[in-house]
Amino acid sequence: MLGRAGRRFGLSPIPLYLLAGLCFGKGGLLPLSASEEFIGVGAQIGVILLLVMLGLEYSADELVDNLRTAAPAGFLDMSLNALPGALFAILLGWDIKAALVLAGITWVSSSGVIAKVLGDLGRLGNRETPMILSVLVIEDLAMAFYLPIATAVLAGAGMVGGLSALGVAVVTVVAVLVVAIRYGTQISRFMSVKDPEALLLSVFGLTLFVAGVAAELKVSDAVGAFLVGIALSGPVAHHATQILSPLRDLFAAVLFVFFGLSTDPADMPPVLLPALGLAVLTMLTKVATGYLAARRAGIALPGRLRAGLALTPRGEFSVVIAGLAVASGVEPSLAPLATAYVLITVVFGPILARLPDYTWFKTLVHRRLAAQRAAAKPVPSVE
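The structure displayed is predicted, hence computed values, not measured ones.

Caption draft 1: Representation of the nonpolar core. One finds Leu51, Leu102, Ile105, Met143 and Leu147 to be the most contacted residues of the largest nonpolar core, which totals 84 residues. The contacts of Ile105, once residues within four sequence positions are left out, are Arg314, Ser318, Ile321, Ala322, Leu334, Ala338 and Tyr341. Ranked by size, the runner-up nonpolar core spans 13 residues in total, among them Ile114, Ala293, Ala307 and Leu311.

In structure tokens:
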């Protein structure tokens, strides 16, 4: 019902799932203590499915090409959006672990929400859209390196443990990319697309197995799932995407509800104002990221503004990162702050993305362009 209500009004259902969790969790309107362990496992599966589906969207070759072409935009994105989160945590008096987590929460945009918004607004064919997607791909790939570091640091391994986890992650990701580029077709041939049930069990089972092995190696189960998606290609990846999509939607909803269940609403009022301030600041930095990246790609002013405004929502990855912190017991105020922050950005982000379609906004942009052209005209000589 919540999912249908959100889509009916053109909103992402993510904030509604979070609110449902808040209502039925500890301190909510009607606390439910049943099946907490089951919902927790479902939330873990939700993270794994989100990541494997993300990997299925890109081939290894596409990932390498995007890394080469969009690396400067990705570095700009990290600088403008991760640093404010880390500095904000330090200003609140939190330790380095909380600062690392908040940096990740403010850094990564929601690929799912943004893709849906672009589709709803009919912008998939716009010139700025490939640049937006490139920034999102760089963020997704960066998570393959960020998550192992965050997991190690939160587990108390310290910076040395984090660096060793990064080394393992780098070796693992590079090895999987090499295998996927050279042998991806052969790997995919072992799975038949003719039997949907066998394909579902094969891909889902392989994903859970690799995610479990990755977790045992302290690399992060999410990274393992992402690498499985990258390794599969061709018809197998296409059919697996279609088959796994309903499962991903189901367990992703469980993930967001579970995060809401684990947050006490009574803890949110004290952090609501800081969350609002952080949301406003980092939505502005995302607009700057998209604007500057689009300008570097030679896109005109309207496209730059559309790109910047489209990148503002945060969502699934922010919740995943905050969930790691909650599980490790770092900074009690982090969970309610992250919940409020995601709610604000995921509600107002799609609204901001629609601004360039309004007539008054287009008029302002055209006036700005006319003023720029007038300023660029050479002054006629008196002679």
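Moving on, there is more to tell.
Caption draft 2: The arrangement of the side chain of Glu139 in detail. Position of Glu139 relative to the elements: it lies in helix H7 (residues 129-154). The exposure class assigned to Glu139 is buried, which follows from its relative accessible area of 1%. The contacts of Glu139, once residues within four sequence positions are left out, are Asp77, Trp107, Val108, Ser109 and Lys286.

Caption draft 3: Fine view of the packing of aromatic side chains. Evaluated as defined, the whole model comprises two aromatic pairs. Measuring from ring centre to ring centre gives 6.3 Å for Trp107 and Tyr146, while their planes differ by 90 degrees; the resulting arrangement is edge-to-face. Taken together, the positions of Trp107 in helix H5 (residues 96-107) and Tyr146 in helix H7 put the pair 39 residues apart, joining distant regions of the chain. No difference in accessibility class separates Trp107 from Tyr146, as the two residues are buried. Between Trp360 and Phe361, the aromatic rings sit 5.8 Å apart at their centres with planes inclined by 75 degrees, giving edge-to-face as the arrangement. Taking relative accessible area as the criterion, Phe361 reaches 14% and is therefore assigned buried. Across from the ring centre of Tyr291, 5.5 Å away, lies the NZ or CZ of Arg304, which sits over that ring.

Caption draft 4: Region of interest: the pattern of salt bridges. Within the structure shown, the criterion is met by five salt bridges. Two residues, Lys286 and Glu139, come together in a salt bridge whose shortest N-O distance is 2.5 Å. Pair noted here: Lys286 is in helix H12 (residues 269-296) and Glu139 is in helix H7, with a separation of 147 residues, a long-range link. Comparing Lys286 with Glu139 shows no difference in burial state: the two are buried. One salt bridge in this structure joins Arg248 and Asp249, with 3.2 Å as the shortest N-O distance. One continuous salt-bridge network, built from bridges that share partners, spans Asp77, Glu139 and Lys286.

Caption draft 5: Expanded view of the environment of Leu247. Along the chain, Leu247 falls in helix H11 (residues 234-261). Taking the C-alpha atoms as reference points, Leu247 and Gly46, separated by 201 residues in sequence, lie 8.4 Å from one another. Discounting residues that sit within four places of it in the chain, Leu247 has contacts with Leu49 and Leu200.

About the cut-offs
- Residues numbered from 1 in each chain as written.
- Predicted model: local features only at pLDDT ≥ 70, side-chain atom pairs only at ≥ 80, totals over all residues.
- Heavy atoms only, no water.
- Core = buried A, V, L, I, M, F, W, Y, C linked by side-chain atoms within 4.5 Å.
- Buried < 20%, exposed > 50% of the residue type's maximum accessible area, 1.4 Å probe, protein only.
- Contact = heavy atoms within 4.5 Å.
- Helix = DSSP H or I, 4+ residues; strand = E, 2+ residues; numbered from the N terminus.
- Phe/Tyr/Trp six-rings, centres within 6.5 Å; stacked < 30°, edge-to-face > 60°.
- Lys NZ or Arg CZ within 6 Å of the ring centre and 35° of its normal.
- Salt bridge = Lys/Arg side-chain N within 4 Å of Asp/Glu carboxyl O.

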